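# Examination of the molecular architecture
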Amino acid sequence: AFPGNDQAEQLAGKFLPLQADRRFDNLSEEEVAEMGLAEPDGTIVVVGGTGTITLEVGKKAAGSKSHYVREPGSSSAYLLAKGIVGPLKMAHNPRSLQDRNVFGFEAVEVSTASVTPAGSSKARVANHEGTHDKDNSFWTSPEAPDGEVHPELDGLMRLVFELKAQTFPSDADSPPPATLEPIVTVSFTGSAGPLGDLALVRGIDPKKSKPDNPAYLWYVQSKRTRSRWAIVSGSTAEAIADAVTAL
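The structure contained in this document is the topic of the report that follows.

Cut-off values and rules
Residues numbered from 1 in each chain as written. Predicted model: local features only at pLDDT ≥ 70, side-chain atom pairs only at ≥ 80, totals over all residues. Heavy atoms only, no water. Helix = DSSP H or I, 4+ residues; strand = E, 2+ residues; numbered from the N terminus. Contact = heavy atoms within 4.5 Å. Pairing = 2+ DSSP bridges. Buried < 20%, exposed > 50% of the residue type's maximum accessible area, 1.4 Å probe, protein only. Core = buried A, V, L, I, M, F, W, Y, C linked by side-chain atoms within 4.5 Å. Salt bridge = Lys/Arg side-chain N within 4 Å of Asp/Glu carboxyl O.

### Some points on the side chain of aspartate 154
Mapped onto the fold, aspartate 154 is located in helix H4 (residues 151-160). Leave out the neighbours within four places in its chain, and aspartate 154 touches Phe138, Trp139 and Val149.

### Comments concerning the sheet that holds strand E10 (residues 193-204)
Spatial ordering of the open sheet is given by E8-E7-E6-E9-E10-E11-E12, a layout of 7 strands whose pairing is antiparallel. Only two strands of the sheet have a single partner each, and these edge strands are strand E8 (138-140) and strand E12 (230-231). Direction of pairing for strand E7 (residues 124-129) relative to E8: antiparallel, over a ladder of 3 bridges. Residue pairing in the sheet places histidine 128 in a bridge with tryptophan 139 of E8.

### Details of H4
An α-helix turns once every 3.6 residues. As a result, residues three or four positions apart point the same way. Within H4 the residues assigned to the buried category are Leu153, Asp154, Leu156, Met157, Leu159 and Val160. Elements that come into contact with the buried residues of H4 comprise strand E6 (112-117), E7, E8, strand E9 (181-190) and helix H5 (234-246).

### Concerning the nonpolar core
Across soluble globular proteins, nonpolar side chains have a tendency to be buried as a group. Ranked by internal contacts, the top residues of the largest apolar core, which has 32 residues, are Met157, Phe188, Leu200 and Ile240. Those elements giving two or more residues to this core turn out to be E6, H4, E9, E10, strand E11 (216-222) and H5. Beyond its immediate chain neighbours, meaning those up to four positions away, leucine 200 contacts Pro182, Ile183, Val184, Trp218, Tyr219, Val220, Val232, Ala237 and Ile240. Among the nonpolar cores identified, the runner-up in size contains 9 residues, and Leu27, Ala61, Tyr68 and Leu79 belong to it.

### Considerations on unusual backbone geometry
At asparagine 26, a position not held by glycine, the phi torsion is positive, near 50 degrees. Within the secondary structure layout, asparagine 26 lies in the loop between strand E1 (22-24) and helix H2 (29-34). Of note in the backbone geometry, serine 227 takes a positive phi value of approximately 65 degrees without being a glycine. Structurally, serine 227 can be placed in the loop between E11 and E12.

### So, the pairing of strand E4 (residues 67-70)
Burial of the side chains of E4 extends over both faces: His67 and Val69 are buried on one face and Tyr68 and Arg70 on the other. One ladder, built from 3 bridges, connects strand E3 (residues 51-60) with E4; its direction is antiparallel. Opposite valine 57, over in E4, you have valine 69 as the bridge partner. Count of turn residues in the E3/E4 antiparallel hairpin: 6 residues, of which glycine 63 carries a positive phi of about 70 degrees. Where E4 lies against strand E5 (residues 77-80), 3 bridges are found, and the strand directions are antiparallel. Each bridged residue has a counterpart across the sheet, and for histidine 67 the counterpart in E5 is leucine 80. Hairpin connection of E4 to E5: 6 residues between the antiparallel strands, including glycine 73 at a positive phi of 80 degrees.

### With respect to the pattern of salt bridges
Taken as a whole and assessed by the stated rule, the structure comprises 4 salt bridges. Measuring nitrogen to oxygen at the nearest pair gives 2.7 Å for the salt bridge that ties arginine 23 to aspartate 25. For aspartate 25, a relative accessible area of 42% gives the class partly exposed.

See the structure below:
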């Protein structure tokens, strides 16, 4: 499971209710095989409030981009529209339906950010100036002269807004909280009030680590990620960690 993007939400809407273009009853074994349902390409499992539906996916209909489907073992089949099966097949690529946005708002909507390094009770405040022109906005500190950019805070915040979810670990692959090392928490405020928090942590990558040379996976968590850990770019996350240390 993972938080879905706009395409995923549109796709989910097609299951409310799930309707077929055509239905075929009393199919022979030969007809089932011709539809590609004797050895299906895949399976769709739809879990709803009223129960679970499992559909086997067969071939495309001749001259069409719609697929034949049936419930396992049934002598009936359905022809589902191309807009349903195609995007689900693309879901084998984790990025196709996953929400990569870890914020839920644009940088230009943020007026103030509070940066709290791990192990510190003191936050550094970054004010976002010039947001009327997002291409020329900049980050500064309350102590800086009016209209003057704060290079360290500006660089840090620009890195923060480069973060995107690369993938979401499954529940079985999610790292145990006790194994994660906190790096920084950033709290965002807009003109109308708090926008949310983003936590950056890292954990040992067991596949790439060596006894004398640990390698890390970097994760973020926010309201936008539905409080799940999302894996992000290691190079961007490391640059953020270095920038936080330099503050």
